[in-house]
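Secondary and tertiary structure notes
Each chain is listed here by its residues.
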Amino acid sequence: MGAVRLKCTAGQGVLESGSWPEHGARRHGVGAAAVAAMPHPASDMGASTVQPDTTACNFGAIRVLRRLGFSFTHGDNLSVAALARLDQPHPVTGRR
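Residues numbered from 1 in each chain as written. Predicted model: local features only at pLDDT ≥ 70, side-chain atom pairs only at ≥ 80, totals over all residues. Heavy atoms only, no water.

**Let's talk about the pairing of strand S5 (residues 79–85)**
Two strands pair when backbone bridges link them, and strand S3 (residues 49–55) and S5 are joined in this way by 5 bridges, in the antiparallel orientation. Residue pairing across strands places Thr49 opposite Arg85, the latter belonging to S5. As defined by bridge partners, strand S4 (residues 71–74) adjoins S5 across 4 bridges and the pair is classed as antiparallel. Bridging from a neighbouring strand, Ser71 pairs with Leu83 of S5. (Pairing = 2+ DSSP bridges. Helix = DSSP H or I, 4+ residues; strand = E, 2+ residues; numbered from the N terminus.)

**Some words on helix H3 (residues 59–67)**
For H3, the full list of buried residues reads Ile62, Val64 and Leu65. For H3, the angular spread of the buried residues around the axis is 165°, confining them to a single face. Of the exposed residues in H3, those oriented more than 90 degrees away from the buried face are Phe59 and Arg66. Two residues or fewer after H3 comes Gly69, characterised by a positive phi angle close to 90°. (Buried < 20%, exposed > 50% of the residue type's maximum accessible area, 1.4 Å probe, protein only. Arc of directions from axis to C-beta.)

Here it is as structure tokens:
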């Protein structure tokens, strides 16, 4: 199906996350399900924030992250960082 990662960063309480669905699994909700499941293990690892990074032209990833309630910051013209605070309710489900 692909790969998912949570990685410690230099930021206190911040885990970088990533998901890479295999080509055949794309557009079937696999990436969204993987990203939606990340807060639970991230919280168990002591994180307060999950931060997936992607390229500005990865419209599919940006669409999924936006739908899941991530906020965005822009690095350079090529990168986008999405943030989800684990201590705040999800904007759609209301769950933490």
